[in-house]
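Notes for the structure review
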Amino acid sequence: MEKTLVLLKPCTLQRGLVGEVINRFEKRGLRLAGMKMMQLTDELLNEHYAHLREKPFFQILKDSMMCTPVIACCFEGIEAVRVVRAMAGSTNGRNALPGTIRGDYCMSNQQNIVHTSDSLENAEVELARFFRPEEIFDFESSNLKYLYASDEL
Ligand code: TYD
């Protein structure tokens, strides 16, 4: 099964939406395999957002990610990377469809509630960036056979 990274951004902590957002992923049937609160650093964000370093908003993006701790989560499921990304919705909350997390909880291109990995390859790199191996737990979901058909597992 795939594992993917979700970061609950400082705006989510400030707005008291942590439980609601985690609840959505749990209710969908994704298994929470790791979770921690952490204060991000400039160094880590330079790596995490390296693809955006030439953008004019790079510094304010980094500042917005360091103003409080974030909550890093690892969710697992079949095709979890694609499913979680679809649940997050478009980057800009004003364009995100209702029913998506960003479409339901935000109005901003930057204060947009969550970060989600955009490919399986990046999910692996990002999970290794935010979690030590022993912080990801591979316990078995007791309801697996009610979440998926036997030929999907
Ligand atoms: P990006 O990786 O393009 O989007 P996503 O988070 O949907 O994978 O951008 C990373 C973050 O950069 C995004 O969540 C918010 C911020 N950002 C801005 O502040 N302004 C912008 O115009 C864009 C495109 C992104």
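Residues numbered from 1 in each chain as written. Predicted model: local features only at pLDDT ≥ 70, side-chain atom pairs only at ≥ 80, totals over all residues. Heavy atoms only, no water.

1. Comments concerning the nonpolar core
Grouped together as the largest cluster of nonpolar side chains are 21 residues, with contacts concentrated most on Val 6, Val 21, Phe 25 and Ile 113. Secondary structure elements with two or more residues in this core: β1 (2–8), α2 (18–28), β3 (70–77), α5 (80–88) and α6 (101–105). With 5 residues, α5 is the largest single contributor of residues to this core. The residues touching Val 21, leaving out its near neighbours within four places in the chain, are Leu 8, Thr 12, Ile 101, Ile 113 and Val 114. Ranked by size, the runner-up nonpolar core spans 19 residues in total, among them Leu 40, Leu 52, Leu 61 and Ala 72. (Core = buried A, V, L, I, M, F, W, Y, C linked by side-chain atoms within 4.5 Å. Buried < 20%, exposed > 50% of the residue type's maximum accessible area, 1.4 Å probe, protein only. Helix = DSSP H or I, 4+ residues; strand = E, 2+ residues; numbered from the N terminus. Contact = heavy atoms within 4.5 Å.)

2. So, the site of the ligand
In the vicinity of the ligand, the residues found are Lys 9, Tyr 49, His 51, Leu 52, Phe 57, Leu 61, Arg 85, Thr 91, Arg 102, Asn 109, Gln 110 and Asn 112. Thr 91 places a side-chain nitrogen or oxygen 2.6 Å from an oxygen atom of the ligand. At 2.9 Å from an oxygen atom of the ligand is found a side-chain nitrogen or oxygen belonging to Asn 109. For the shell around the ligand, the class distribution of residues is 4 nonpolar, 5 polar and 3 charged. (Near = heavy atom within 4 Å. Polar contact = N/O pair within 3.5 Å; in protein donor to acceptor, adjacent residues only side chain to side chain. Nonpolar A, V, L, I, M, F, W, Y, C, P; charged D, E, K, R; others polar.)

3. Some thoughts on the layout of surface pockets
Taken as a whole, the largest pocket encloses approximately 470 Å³ of empty space. If you trace the largest pocket, you find 23 residues lining it, with Tyr 49, His 51, Leu 52, Thr 91 and His 115 closest to the centre. Among the secondary structure elements, those contributing two or more residues to the lining of the largest pocket are α3 (42–48), β4 (114–116) and α7 (120–130). It is α7 that provides the largest number of residues to the lining of the largest pocket, a total of 4 residues. Roughly 250 Å³ of volume is contained in the second largest pocket. Together, 17 residues line the second largest pocket, and Arg 31, Glu 76, Phe 139, Ser 141 and Leu 144 are the ones closest to its centre. (1 Å grid on protein atoms, 1.4 Å probe; cavity = no way out; pocket = protein on both sides within 12 Å on 5 of 7 lines; lining within 4 Å. Points joined across faces, edges and corners; volume = space filled by probe spheres on them.)

4. So, the environment of Phe 139
Within the secondary structure, Phe 139 sits in the loop between α7 and α8 (144–147). Residue Phe 139 is classed as partly exposed on the basis of its relative accessible area, which comes to 47%. When the C-alpha positions of Phe 139 and Asp 151 are compared, they lie 21 Å apart, and in sequence the two are 12 residues distant. Setting aside chain neighbours within four positions, we find Phe 139 in contact with Arg 31 and Leu 32.

5. Section: the pairing of β3
Of all 8 residues in β3, 8 are buried, a share of seventy percent or more. Residues Val 70, Ala 72, Cys 74 and Glu 76 of β3 are buried on one face, and the alternating residues Ile 71, Cys 73, Phe 75 and Gly 77, pointing to the opposite face, are buried as well. In the sheet, β1 pairs with β3 via 7 bridges, with the strands oriented antiparallel. What sits directly across from Thr 4, in β3, is Phe 75. (Pairing = 2+ DSSP bridges.)

Geometric values such as these leave the question of function open.
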